[in-house]
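# A closer look at the structure
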Amino acid sequence: MATIKEVAKHAGVSVATVSRVLNEIGYVHEDTRKKVEAAIRELNYTPNEVARSLYKRKSRLIGLLLPDITNPFFPELARGVEDEMHKHDFRIIIGNSDENTNKEKEYIQTFIQNNVVGVIASTNYPDTDTYRKLDIPVVFLDRTADNRPSVYSDGREGGRMAAHEIVTRGSRQITIIQGPKHIRPAQDRYQGAIDVLRDQGIAYNVVQTSSYSFTEAGNWAQELFEQFPDTDGVIASNDIVATAVLHEALRLGKKVPDDVQIIGFDDIPLSSLLTPSLTTIRQPAYDMGSTAAGLLIRLIDNQNPDQKTIQMPVTFTERDTTRKV
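Here is what the cut-offs are and how they apply
Residues numbered from 1 in each chain as written. Predicted model: local features only at pLDDT ≥ 70, side-chain atom pairs only at ≥ 80, totals over all residues. Heavy atoms only, no water. Buried < 20%, exposed > 50% of the residue type's maximum accessible area, 1.4 Å probe, protein only. Helix = DSSP H or I, 4+ residues; strand = E, 2+ residues; numbered from the N terminus. Pairing = 2+ DSSP bridges. Axes fitted to C-alpha atoms, helices over the stretch in contact; angles between N-to-C directions. Contact = heavy atoms within 4.5 Å. Core = buried A, V, L, I, M, F, W, Y, C linked by side-chain atoms within 4.5 Å. Expected span 1.5 Å × (residues − 1). Right-handed = clockwise from strand over helix to strand, strands pointing away. Phe/Tyr/Trp six-rings, centres within 6.5 Å; stacked < 30°, edge-to-face > 60°. Polar contact = N/O pair within 3.5 Å; in protein donor to acceptor, adjacent residues only side chain to side chain.

### Examining the pairing of strand β11 (residues 309-312)
Every regular strand shows the same layout, with side chains that alternate between the two sheet faces. Burial along β11 is one-sided: Ile310 and Met312 are buried, and none of Thr309 and Gln311, which face the opposite way, are. Two elements, strand β5 (residues 150-153) and β11, share 4 bridges in a ladder whose sense is parallel. Looking at the pairing, Val151 lines up with Ile310 of β11.

Take a look at the structure:
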């Protein structure tokens, strides 16, 4: 990788002149500027963004915190963020917290040390001092915090949709996998589902979970059928858990959807590739990511957007783990 000294030598100018061109400060003759720019292209020189940002007192770096990159939903969010940021010449530093508060704090500190100008966080703990004490803009993604900038989907409506559809298709012994109590979107989905079931006078069972983890989803699916063997309809907390439920149902010899219907939440790419393919509530993950990026850019630019909390719609995606109406 070329250095700034090599660029200066190649262009026949001083290092200071190259620095003025890079940082767009001071006077540089147009012919000299063209020589430096040509040298940069020919040597494929990339300036150290962190050092450059410290010099200019403003970087083009954004911190993106995700809770679990093994869940395909979150890379889809990240892609939406990255594409929108790239359009505006920002670059991203990604941290994966594994839903661990200490690891999350370490990544936030790393972001600050790298002079980021904003943070997008899919954190399970948006209301902590970790975020309140930051003096840079923060947007919460797929998470909500009272009166703070956030982009999230309508989980309550998604829960209502799931319950309505599974009842319409004939399930009467329904089990809801609730999702982590400390994650507001998970509880919105749960509340929406039980609102519909209670209104229709349909009894339901609940399996409480503590995360959206791949590693634990199989245990929860096994627990569901051990505790509630007569279950004929499952509303899962997300597609990962729904996939585990599908696997366990088939292992037990149950026919899906004839014996048990299953509805997930998210619509990750895997959902359409399962056999049978998974019926789910779709969150517009990519659009959520790009919307969060746009909101953060406006906050960085001090534009004070009128709408700082953005709720995005969900849709019912019918596949083969539910019966036809």
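Once you've had a look at it, read on.
### Quick look at the sheet that holds strand β6 (residues 174-177)
Ordered by their spatial adjacency, 6 strands build an open sheet running β7-β6-β8-β9-β10-β12, and the pairing between neighbours is mixed. Of all strands in the sheet, those bounded by a partner on one side alone are β7 (204-207) and β12 (315-317). Neighbour-to-neighbour, the strand axes of the sheet open up by a mean angle of 20°, direction not taken into account. The sheet contact formed by β6 and β7 spans 4 bridges and is parallel. The partner of Thr175 across the bridge, within β7, is Asn205. Sitting on the sheet, helix α8 (residues 155-168) is in contact with β6, β8 (233-235), β9 (261-266), β10 (279-282) and β12, with an inclination near 165° to β9.

### Comments concerning the nonpolar core
What tends to happen in soluble globular proteins is that the nonpolar side chains get buried as a cluster. In this structure, Met85, Ile120, Val139, Leu141, Val151, Val245 and Ile262 are the most contacted members of the largest nonpolar core, which totals 49 residues. Put simply, the parts of the chain that give this core at least two residues each are β1 (61-66), α5 (73-87), β4 (138-141), α10 (214-227), α11 (239-251), α12 (285-300) and β11. The leading source of residues in this core is α12, at 9 residues. Once residues lying within four places of it in the same chain are set aside, the contact partners of Ile262 are Val234, Ala242, Val245, Leu246, Val256, Leu278, Thr279, Thr321 and Thr322. By size, the runner-up hydrophobic cluster in this structure holds 18 residues, among which are Val167, Ala193, Ile281 and Val314.

### A few points about α5
End to end, α5 covers 22 Å across 15 residues, agreeing with the expected 21 Å (1.5 Å per residue, within 8%). Of the surrounding elements, those touching the buried residues of α5 are β1, β2 (91-96), β3 (119-121), β4, β9 and α12. Where α5 terminates, the next one or two residues include Asp89, which has phi positive at roughly 65°.

### Remarks on the pairing of β1
Of all 6 residues in β1, 6 are buried; the element is thus mostly enclosed. Neither face of β1 is exposed, since Leu61, Gly63 and Leu65 on one face and Ile62, Leu64 and Leu66 on the opposite face are all buried. Taken together, β1, α5 and β2 constitute a β-α-β crossover, and its handedness is right-handed. Where β1 meets β3, 3 bridges bridge the pair, whose relative direction is parallel. Across the sheet, the residue bridging to Leu65 is Ala121, located in β3.

### Focus on the packing of aromatic side chains
Working definition: an aromatic ring pair is given by the centre-to-centre distance plus the angle between the planes. Here the structure, examined in full by the defined rule, presents 3 aromatic pairs. For the pair Phe73 and Phe74, a centre-to-centre distance of 5.4 Å together with 75° between the ring planes defines the contact as edge-to-face. On the accessibility criterion, Phe73 (3% relative accessible area) is buried. Ring geometry for Tyr107 against Phe111: centres 6.4 Å apart, planes inclined by 35°, an arrangement best described as tilted. Here Tyr107 and its partner Phe111 are both found in helix α6 (residues 101-113), 4 residues apart, which amounts to about one turn of the helix.

### A look at the side chain of Thr231
Structurally, Thr231 is set in the loop between α10 and β8. A polar contact of 2.7 Å, which involves the side chain of Thr231, links it to the side chain of Thr175. Each residue touching Thr231, except ones within four places of it in the same chain, is listed here: Gln173, Thr175, Leu224, Asp259 and Val260.

### What about the sheet that holds β5?
Taken in spatial order, the 6 strands line up as β2-β1-β3-β4-β5-β11 in an open sheet, and their pairing is parallel. Looking at which strands have only one partner, the edges of the open sheet turn out to be β2 and β11. Ignoring which end each strand starts from, the neighbouring axes of this sheet average 15° apart.

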